[in-house]
Amino acid sequence: FTLEVPRLSGVVDLLPIVAEEPMIMELDPCAGDMLTVTGQVRSHNQRSEDGRHLLIFVFAASVIVECGEPINDVYVEGPLCREPTFRRTPLGRDICDTMLAIPRAFHRADYLPCIVWGRTAQEISQCHTSDVIAIRGRLQSRIYTKVLPDGIEDRTAYEISALNAEHLI
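Residues numbered from 1 in each chain as written. Predicted model: local features only at pLDDT ≥ 70, side-chain atom pairs only at ≥ 80, totals over all residues. Heavy atoms only, no water.

Things to note about the overall build of the chain
Using the following cut-off: Here a helix means four or more residues in a row that DSSP labels H or I, a strand means two or more in a row labelled E, and each is numbered from the N terminus. We compute the radius of gyration over the C-alpha atoms and compare it with the globule rule, which gives 2.2 Å times the number of residues raised to the power 0.38. Contacts: residue pairs with any heavy atoms within 4.5 Å of one another. Areas reported as accessible are Shrake-Rupley estimates using a 1.4 Å probe. Residue values count occlusion only from the protein chains shown. A residue counts as positive if it is Lys or Arg and as negative if it is Asp or Glu; His and the chain ends are not included. Charged side chains are reduced to one point each, which is NZ for Lys, CZ for Arg, CG for Asp and CD for Glu.
Along its length, the chain carries two helices and 10 strands. Walking the chain from its N terminus toward its C terminus, one meets helices and strands in the order β-β-α-β-β-β-β-β-β-α-β-β. Whereas a compact globule of 169 residues would reach a radius of gyration of roughly 15 Å, the chain reaches 17 Å, a difference of no more than 12%. Sequence separation of at least 24 residues holds for 56% of the intrachain contacts in the chain that already meet a minimum separation of 6. Working note: accessible area of the chain is about 11000 Å², and carbon and sulfur atoms make up 53% of it. Across the chain, the 16 positively charged side chains and the 24 negatively charged ones have centroids separated by 8 Å.

Structure (structure tokens):
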């Protein structure tokens, strides 16, 4: 299912949640109820005739109905799996695009795109592949337009937007 999580700015992130059916069947949510989902941000590389697509989703360990303010809080730690890309937005803000490989059991990893802002973006841009980075932030969604040979298509990208990041090793 898709979970709507509003940001302070009023923009709503639409987050894909994967949960086992019995976990969901135990709930009795009504439209507008607050759900608390805890789990892991995961990735899956899906191959199709259009190429490869990196799917990002939350793999739920628990889902409960409760009251409270919406919170979108993610903590990830892992090595950079490609060199960071530093740039400036059209409004002049510093931004650094990174990709972390988050270790998982059985020698697997989840590959998660992350963006870091401001002075921290400058610091992380000096890191290199295999440096370990810890990021606390939020999982966000954004719509972009993809130009295809037979037209254009709106798509959704998911990334972790860092509130803070630290170079660990």
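A short note on unusual backbone geometry
Of note, H107 is a non-glycine position whose phi angle comes to about 60°, a positive value. If you check the backbone angles, S130 has positive phi at about 85° while not being a glycine.

A few points about the pattern of salt bridges
Going by this rule: Only one rule defines a salt bridge in this text: a Lys or Arg side-chain nitrogen within 4 Å of an Asp or Glu carboxyl oxygen. Accessible area is worked out with a 1.4 Å probe on protein chains only. A residue is then buried under 20% of its type maximum, exposed over 50%, and partly exposed in between.
For the structure on display, the rule yields nine salt bridges. D13 serves as the salt-bridge partner of R138, at 4.0 Å between the closest nitrogen and oxygen. Taken together, the positions of R138 in strand β9 (residues 132-148) and D13 in strand β2 (residues 12-18) put the pair 125 residues apart, joining distant regions of the chain. By relative accessible area, which is 0% here, D13 ends up buried. Of the charged contacts in the structure, one is a salt bridge between D94 and R88, with a shortest N-O distance of 2.7 Å. A residue is classified by how much of its surface remains accessible, and R88, at 53% relative accessible area, is exposed. Through salt bridges with shared partners, a single ionic network connects R7, D13 and R138.

Re the environment of Q46
As for its placement among the helices and strands, Q46 is situated in strand β3 (residues 35-48). Setting aside anything within four residues of it in sequence, one finds Q46 in contact with G51, R52, H53 and L55.

Things to note about the sheet that holds strand β5 (residues 74-79)
For clarity, the cut-off: Two strands pair if DSSP finds at least two bridges between them. Inter-axis angles, ranging from 0 to 180 degrees, are taken between N-to-C directions of lines fitted to C-alpha atoms, where helices are fitted over the stretch in contact.
Strand order in the open sheet formed by six strands is β5-β9-β10-β8-β7-β6, with mixed pairing between adjacent strands. The two strands at the open ends of the sheet, each matched to only one other strand, are β5 and β6 (85-88). Sheet twist, expressed as the mean angle between neighbouring strand axes with direction ignored, is 45°. Bridge analysis of β9 against strand β10 (residues 151-167) gives 16 bridges, and the strand direction is antiparallel. The partner of I133 across the bridge, within β10, is H167.

Comments concerning the pairing of β3
When β3 meets strand β4 (residues 51-65), the two strands line up antiparallel, connected through 14 bridges. Its bridge partner being in β4, T36 is matched across the sheet by I64.

Observations regarding the packing of aromatic side chains
What counts is decided by this rule: Pairing of aromatic rings covers Phe, Tyr and the six-membered ring of Trp, with a centre-to-centre limit of 6.5 Å; geometry is then stacked below 30 degrees between planes, edge-to-face above 60, and tilted otherwise. Only when the NZ of Lys or the CZ of Arg is both within 6 Å of the ring centre and within 35 degrees of the ring normal is a charge said to sit over the ring.
This model, assessed by the stated rule, comprises zero aromatic pairs. Its end group placed over the ring of F59, R42 keeps NZ or CZ at 4.6 Å from the ring centre.

Regarding the layout of surface pockets
Let me state the cut-off plainly: Two kinds of site are reported from a 1 Å grid over the protein atoms alone, namely cavities, where a 1.4 Å probe fits but cannot get out, and pockets, open sets with protein on both sides within 12 Å along at least five of seven lines, and residues are called lining when an atom falls within 4 Å of a point. Grid points are joined across faces, edges and corners, and a volume is the space filled by probe spheres set on the points. Residue polarity is assigned by list, with Asp, Glu, Lys and Arg as charged and Ala, Val, Leu, Ile, Met, Phe, Trp, Tyr, Cys and Pro as nonpolar; anything else, Gly included, falls into the polar class.
The volume enclosed by the largest pocket comes to roughly 910 Å³. Taken together, 37 residues line the largest pocket, and the ones lying closest to its centre are V37, T38, I71, N72 and D73. Those elements giving two or more residues to the lining of the largest pocket turn out to be β1 (2-6), β2, β3, β5, β7 (94-104) and β8 (108-117). For the lining of the largest pocket, the element with the highest residue contribution is β3, accounting for eight residues. Looking at the lining of the largest pocket, its residues break down into 21 nonpolar, eight polar and eight charged.

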